[in-house]
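If you want the building blocks of each chain, they are given just below.
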Amino acid sequence: MDDPIDALSLITEVLSWIGVVAGIVLVVAGYIRRAVFTGWQQTLGVVVIDGRGERVYRWLGDDGVLYEAPAHDDETQVLEPGDDVTVFVNPRDPSVGRVEDPSHEGRALRTTGWILLGLGVVAIVVQFALLFVAG
């Protein structure tokens, strides 16, 4: 009976290290990424065709300058020139805008990190249980 318990103990130890270490790294990276994208301001933009014949969206910054970005995103491809589009503008650099909502940034990293962290904690609990079974 020692061989299966030893194998399970080894597997849970590997899972605990991977889960806890990778989980913490991903959770921290996800929260840092969310913090970077916090505070983006929402403004109204319009889809236009620029001088090269390409689809872009333009918005007016708080500084009174007209900015534009290429409309390569899925959300802007279905829009026709002249359609309004919501643009999220970087508060530190008004020339950087995007049409995707920045509040979702880092969510995949945080979710994956919490899952791995949970897996690591469960593996640690199983390791302690195996100590009592084996001993």
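Presented here is a report on the structure given in the accompanying data block. Just so we're clear, the structure is a prediction, and the values are computed from it rather than from any experiment.

Turning our attention to the overall build of the protein. The helix and strand tally for the protein stands at three helices and five strands. Listed N to C, the secondary structure of the protein is α-β-β-β-α-β-β-α in terms of helices and strands. Computed over C-alpha atoms, the radius of gyration of the protein comes to 24 Å, more than 25% over the 14 Å expected from 2.2 N^0.38 for 135 residues, which places it beyond the range of a compact globule. Taking the principal axes of its C-alpha atoms as reference, the protein extends roughly 75 × 25 × 20 Å. Buried residues in the protein amount to 31% of all 135 residues. Partitioning the contacts of the protein with sequence separation of at least 6, the portion at a separation of at least 24 is 64%. Here the protein has roughly 8,600 Å² of accessible surface; of this, 64% comes from carbon and sulfur atoms. Taking the average place of the 9 positive charges on the side chains of the protein and the average place of its 19 negative ones, the gap between the two points comes to 6 Å.

Evaluation of the coordinates by the stated rule reveals three aromatic pairs. Through pairs of rings, three or more aromatic residues link up here, namely Tyr57, Trp59 and Tyr67. A cation over a ring is seen here: Arg98 above Trp40, with NZ or CZ 5.7 Å from the ring centre. Sitting over the face of the ring of Tyr31, Arg110 holds its NZ or CZ atom 5.4 Å from the ring centroid.

With that settled, the discussion passes to the pattern of salt bridges. Per the counting criterion, the structure on display carries five salt bridges. The partner of Arg58 in a salt bridge is Glu68, and the shortest N-O contact between them spans 2.7 Å. Of the two residues, Arg58 is situated in strand 2 (residues 55-60) and Glu68 in strand 3 (residues 66-70); the sequence distance between them amounts to ten residues. Take Arg58: its relative accessible area is 26%, and that puts it in the partly exposed class. Overall, Glu68 belongs to the partly exposed group, its relative accessible area being 38%. A single network of salt bridges, built from pairs that share partners, joins Arg33, Arg98, Glu100 and Glu105.

This paragraph deals with the sheet that holds strand 1 (residues 41-49). Read across the open sheet, the five strands follow the order 3-2-1-4-5; overall the sheet is antiparallel. Since the sheet does not close on itself, it has two edges, and those belong to strand 3 and strand 5 (97-98), each with one partner. The sheet contact formed by strand 2 and strand 3 spans five bridges and is antiparallel. Looking across to strand 3, one finds that Val56 is bridged to Pro70.

Turning our eyes to something else, we now look at helix 3 (residues 107-134). Given a rise of 1.5 Å per residue, 28 residues ought to cover 40 Å, and the 40 Å separating the end C-alpha atoms of helix 3 matches this to within 8%. The set of residues buried in helix 3 consists of Arg110, Gly113, Leu116, Leu117, Gly120, Ala123, Gln127 and Leu130.

Here the focus is the side chain of Glu105. Mapped onto the elements, Glu105 comes out in the loop between strand 5 and helix 3. One polar contact links Glu105 to Arg33, side chain to side chain, over a distance of 2.7 Å. For Glu105, the residues in contact, after removing those within four places along its chain, are Gly30, Arg33, Arg34, Phe37, Arg98 and Arg110.

Reading the values: the criteria
Residues numbered from 1 in each chain as written. Predicted model: local features only at pLDDT ≥ 70, side-chain atom pairs only at ≥ 80, totals over all residues. Heavy atoms only, no water. Helix = DSSP H or I, 4+ residues; strand = E, 2+ residues; numbered from the N terminus. Rg over C-alpha atoms; globule rule 2.2 N^0.38 Å. Buried < 20%, exposed > 50% of the residue type's maximum accessible area, 1.4 Å probe, protein only. Contact = heavy atoms within 4.5 Å. Areas by Shrake-Rupley, 256 points an atom, 1.4 Å probe, with all protein chains shown as cover. Lys, Arg positive; Asp, Glu negative; His and termini not counted. Charge placed at Lys NZ, Arg CZ, Asp CG, Glu CD. Phe/Tyr/Trp six-rings, centres within 6.5 Å; stacked < 30°, edge-to-face > 60°. Lys NZ or Arg CZ within 6 Å of the ring centre and 35° of its normal. Salt bridge = Lys/Arg side-chain N within 4 Å of Asp/Glu carboxyl O. Pairing = 2+ DSSP bridges. Expected span 1.5 Å × (residues − 1). Polar contact = N/O pair within 3.5 Å; in protein donor to acceptor, adjacent residues only side chain to side chain.

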